[in-house]
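Spelled out from the first residue to the last, the chains are:
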Amino acid sequence: MLAQQPRTFFTSADRFKKVVGDVKEMGFDPSKSRFLWAIHAIRAMSKSTWDKKVELYKKWGWSEDEIFVAFEKYPGCMMASPDKISRILDFLVNTMGWERSYIVQWPIVICFSSEKRIIPRCLVYQYLAEKGLIEEKDGFCFNKWLMYSESKFLKWLVKRYVEEAPELLKLYQKHLDEAN
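In short, a report on the structure. (Residues numbered from 1 in each chain as written. Predicted model: local features only at pLDDT ≥ 70, side-chain atom pairs only at ≥ 80, totals over all residues. Heavy atoms only, no water.)

## Considerations on the overall build of the chain
Turning to step 1, where the next piece is worked out: Looking only at helices and strands, the chain has 10 helices and 0 strands in total.
Turning to step 2, where the next piece is worked out: Along the chain, helices and strands appear, N-terminal first, in the series α-α-α-α-α-α-α-α-α-α.
Turning to step 3, where the next piece is worked out: Within the chain, contacts between residues separated by at least 24 positions form 66% of all contacts whose residues are at least 6 apart in sequence.
Turning to step 4, where the next piece is worked out: When the accessible area of the chain is evaluated, it comes to approximately 10500 Å², of which 52% is carbon and sulfur surface. (Helix = DSSP H or I, 4+ residues; strand = E, 2+ residues; numbered from the N terminus. Contact = heavy atoms within 4.5 Å. Areas by Shrake-Rupley, 256 points an atom, 1.4 Å probe, with all protein chains shown as cover.)

What follows is the structure in structure tokens.
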């Protein structure tokens, strides 16, 4: 953490002690790396900024418990800008039809690029679903569709769907090009 986010530690001893105490009070295990990331997240914003983000998640129907669960799973979900949080939740909830509980379980998605990862991959998923190439039982597997690295995603996509949908890579590339 010191090498990746040195600003986390550039604060008064009293402020840092309070942030560490707050994170411990939240139930984070000091032996886990998420403890440090939670310190970084809380240290990086004012109380009013934190409160505004909590209120934003609540506007999307999240309870305080759900916000805490998401923060505990991936503290970075509170580091995204309010605009980014809103854009991603709008796309995932209103366009993709995801349930809030699904996003709470995978809060890292809030930190992904909507233009370069989320939207292109979700549109490819929708395309395959419309073509009947994705079985209902397969559904949207978050690990494959959004968590895979770009190279792993492309290998998986080509291996799995190139025969039935040879135009898929062009479609995906078109969405990526539009993002750039």
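From this point, the narrative continues.
## Brief notes about the nonpolar core
Turning to step 1, where the next piece is worked out: Counting 52 residues, the largest nonpolar core has Ile110 and Trp145 as its most contacted members.
Turning to step 2, where the next piece is worked out: With residues near it in sequence (within four places) discarded, Ile110 still touches Tyr57, Cys77, Ala80, Lys84, Ile85, Ile88, Leu89 and Ile103. (Core = buried A, V, L, I, M, F, W, Y, C linked by side-chain atoms within 4.5 Å. Buried < 20%, exposed > 50% of the residue type's maximum accessible area, 1.4 Å probe, protein only.)

## Examining the pattern of salt bridges
Turning to step 1, where the next piece is worked out: If you walk through the whole model with that rule in mind, you get 8 salt bridges.
Turning to step 2, where the next piece is worked out: Between Lys58 and Glu64 there is a salt bridge, with its nearest N and O atoms 2.6 Å apart.
Turning to step 3, where the next piece is worked out: Residue classification places Lys58 among the partly exposed residues on the basis of a relative accessible area of 29%.
Turning to step 4, where the next piece is worked out: Glu66 is the salt-bridge partner of Arg100, the closest N and O atoms lying 2.9 Å from each other. Of this pair, Arg100 sits in helix H6 (residues 100-105) while Glu66 sits in helix H4 (residues 64-73); the two residues are 34 residues apart in sequence, bridging distant segments of the chain.
Turning to step 5, where the next piece is worked out: We classify Arg100 as partly exposed; its relative accessible area is 34%.
Turning to step 6, where the next piece is worked out: Each of Glu55, Lys58 and Glu64 takes part in salt bridges that share partners, so that together they form one network. (Salt bridge = Lys/Arg side-chain N within 4 Å of Asp/Glu carboxyl O.)

## Observations concerning the state of the cysteines
Turning to step 1, where the next piece is worked out: Enumeration according to the criterion identifies 0 disulfides in this entry.
Turning to step 2, where the next piece is worked out: Cysteine Cys77 shares no disulfide, and the gap to the nearest cysteine sulfur, in Cys111, comes to 6.8 Å. (Disulfide = S-S within 2.5 Å.)

## Looking at the packing of helix H5 (residues 82-95) against helix H7 (residues 114-130)
Turning to step 1, where the next piece is worked out: Where H5 meets H7, the closest approach of the two axes is 11 Å, and the angle between their N-to-C directions is 5 degrees. On the basis of their axis angle, the class for H5 and H7 is roughly parallel. Between H5 and H7, the contacting residues are Arg87, Ile88, Phe91, Leu92 and Thr95 on the first element and Ser114, Glu115, Ile118, Ile119, Cys122 and Gln126 on the second. (Axes fitted to C-alpha atoms, helices over the stretch in contact; angles between N-to-C directions. Parallel < 35°, antiparallel > 145°, perpendicular 65-115°, else oblique.)

## A short note on H4
Turning to step 1, where the next piece is worked out: Three or more residues of H4 are buried, namely Glu66, Ile67, Ala70 and Phe71. Around the axis of H4, the buried residues are gathered within 135 degrees of arc, so they sit on the same side. Seen from the open side of H4, the exposed residues pointing more than 90 degrees away from its buried face are Glu64 and Asp65.
Turning to step 2, where the next piece is worked out: For H4, the elements touching its buried residues are helix H2 (33-43), helix H3 (47-59) and H6. (Arc of directions from axis to C-beta.)

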